[in-house]
Amino acid sequence: MTAALKPTETGLVLPTYADVEIAAGRLQGVAHRTPALTSRTANERTRANLVFKPENLQRMGAFKFRGGYNAIAALSPAQKKAGVVSFSSGNHAQAIAYAGRLLGVPTTIIMPLDAPAAKVAATRGYGAEVITYDRYTQDRLAIGAELAQTRGLALIPPYDHPDVIAGQGTAAKELIEDAGPLDILLVCLGGGGLLAGCALAAKALNPACRVFGVEPEAGNDGQQSLRSGKIVKIAVPKTIADGAQTPFLGDYTFPIIQALVEDIVTVSDEALVSAMRFFAERMKLVVEPTGCLAAAAAFTGAVPVEGKRVGVIISGGNVDLGSFARFLAPAG
Ligand SMILES: *Cc1c(COP(=O)(O)O)cnc(C)c1O
C-alpha cells in the first residue's frame, strides 16, 4: 500500500516521502538503525565534512534489507501465503530471502550463474529456493514474470517497485535525522532504487541538499539517461561493482531521479579499490566494491565537496574474503 501520488505520463503512481515514513514504521525495531560515522582522515583528504551511513552494517550486510522487508510486509495476507519471487545478482536476493523468513513468507530467487558464491550460499542459507540463469543471454524479467504467473507468486523486483524504493529511502531519512542538514548527499546506483528513495527523503527533510548519483565508469547508463532525458539501455557492464551492473534505470526510479537528482557522476574501478582500502585501514569497515562508489566520488573529486557537509551512503559489505584480499593486495 502506498500513499496517493500523482500518476506519471506512463500512468505509474510514484512513491513519495509519505511512503518512506510508512516504510520507516514497518522497519522500526526490525532493521538496524546504522550509525552516522565520521573520519578525520577522510575530512582532511577531501577538505569537507563527510558523514558516512554504513549500510554494510545493516542486517544481511546491505541496505537492500530495508526495501525487501518493506515490500514483503506491504503484501496482503493472501499474497504472503502464496509467496514471493524475485531476481537479483546478490544482495536483493538475500534481502528477500531473509525478510521472507522473518515474515514467514516463502521465497523463490532467480540469480545469475556467475553471482558471487558467498551471495548464492547466503540466499540458500536464508531458506529461499534459488533458480539460476545466464545474465548475458537470458532475460530475468521474463523468467520472473513466468514464475509469478504459473505459481501465483508476487514479483518483487530489486529496484523498480514503489515499496522497495520507499524502504531504501529510510537510509537517507535516518542519516539526515542523525547527522543534521547536509549540503550534498552521495548515493551509488544500479537500477536507482536506493538513489530514488534517498532523494525522496533528502528533498523532503532537507530541500537545500543536492543529491548526486554515482555509478561505475564502465556502466554509465544512469548518467546518459539523466542527461538525455530518457532511459538509456547498455550492455551488462564489466566492473568490480557487481551491485551496479544493472544496464538500465526503472520506470519508477527514473522519473524520481529526473525530478530530484542534480547529476550522476562516474568513478573508475581503481578508485573503488582505493576507497575499499581506506575503509578497511582507517575505519575498520569491510565494504564491497559497489559500496565504495559514493565515497570514491568524494575522494576523486568527481563531485566537488570542498567546504561542504556531505552525506555518503556506504551501500553494502558483502564481498567474499578471497576477492576482498585480492582487491587489497599490493599490486605487484
Ligand atoms: C543493489 C545494490 C546497489 C544498487 O542499488 P539500486 O537500488 O539498484 O540502485 C548498490 N550497492 C549495493 C551494495 C547493492 O546491493
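For the structure itself, consult the block above.
Since the structure is predicted, the reported quantities are computational estimates derived from the model, not experimental observations.

Q: So what's going on with the pattern of salt bridges? Which residues, and what values?
A: Counted according to the given criterion, the structure contains 11 salt bridges. Ionic pairing is found between Glu174 and Arg66, a salt bridge with its closest N-O pair at 2.9 Å. You can see Glu174 sitting in helix α8 (residues 162–179) and its partner Arg66 sitting in helix α3 (residues 64–73), a full 108 residues away along the chain. For Arg151, the salt bridge goes to Glu129, with nearest N and O atoms at 3.2 Å. Highlighted residues: Arg151 in helix α7 (residues 140–151) and Glu129 in strand β4 (residues 129–133), separated in sequence by 22 residues. Glu129 gets classed as partly exposed once you look at its relative accessible area, which sits at 38%. Connected through shared salt-bridge partners, Arg33, Lys173, Glu177 and Asp178 make up one network.

Q: Break down the side chain of Lys173 for me, citing the residues and quoting the values.
A: With respect to the helices and strands, Lys173 occurs in helix α8. We classify Lys173 as buried; its relative accessible area is 13%. Residues within four places of Lys173 in sequence aside, it is in contact with Tyr17, Val20, Glu21, Ala24, Ala201 and Leu205.

Q: Now, about the sheet that holds β4: what can you tell me, with residues and values included?
A: Read from one edge to the other, the open sheet built from 4 strands follows the order β4-β3-β2-β5, with strand pairing classed as parallel. Bordering the open sheet on either side are β4 and β5 (154–155), each of which pairs with just one other strand. Here 4 bridges tie strand β2 (residues 84–87) to strand β3 (residues 107–112), and the two strands are oriented parallel to one another. Bridging across to β3, Ser86 finds its partner in Ile109. Most of the contacts of α7 go to β3, to which it runs at about 160°, and overall it touches β2, β3, β4 and β5.

Q: For the packing of aromatic side chains, give the residues involved together with the corresponding values.
A: Each aromatic ring pair is described using two quantities: the centre-to-centre distance and the angle formed by the ring planes. Per the stated rule, a full pass over the model turns up 6 aromatic pairs. Judged by centre distance (5.8 Å) and plane angle (65°), the ring pair of Phe278 and Phe279 falls under edge-to-face. On the accessibility criterion, Phe278 (2% relative accessible area) is buried. Taking the relative accessible area as the measure of exposure, Phe279 reaches 0% and is therefore buried. One aromatic cluster is present, built from ring pairs that chain together Phe52, Phe278, Phe279 and Phe299. The ring of Phe299 is capped by Arg45, whose NZ or CZ atom sits 5.2 Å from the centre of that ring.

Thresholds applied
- Residues numbered from 1 in each chain as written.
- Predicted model: local features only at pLDDT ≥ 70, side-chain atom pairs only at ≥ 80, totals over all residues.
- Heavy atoms only, no water.
- Salt bridge = Lys/Arg side-chain N within 4 Å of Asp/Glu carboxyl O.
- Helix = DSSP H or I, 4+ residues; strand = E, 2+ residues; numbered from the N terminus.
- Buried < 20%, exposed > 50% of the residue type's maximum accessible area, 1.4 Å probe, protein only.
- Contact = heavy atoms within 4.5 Å.
- Pairing = 2+ DSSP bridges.
- Axes fitted to C-alpha atoms, helices over the stretch in contact; angles between N-to-C directions.
- Phe/Tyr/Trp six-rings, centres within 6.5 Å; stacked < 30°, edge-to-face > 60°.
- Lys NZ or Arg CZ within 6 Å of the ring centre and 35° of its normal.

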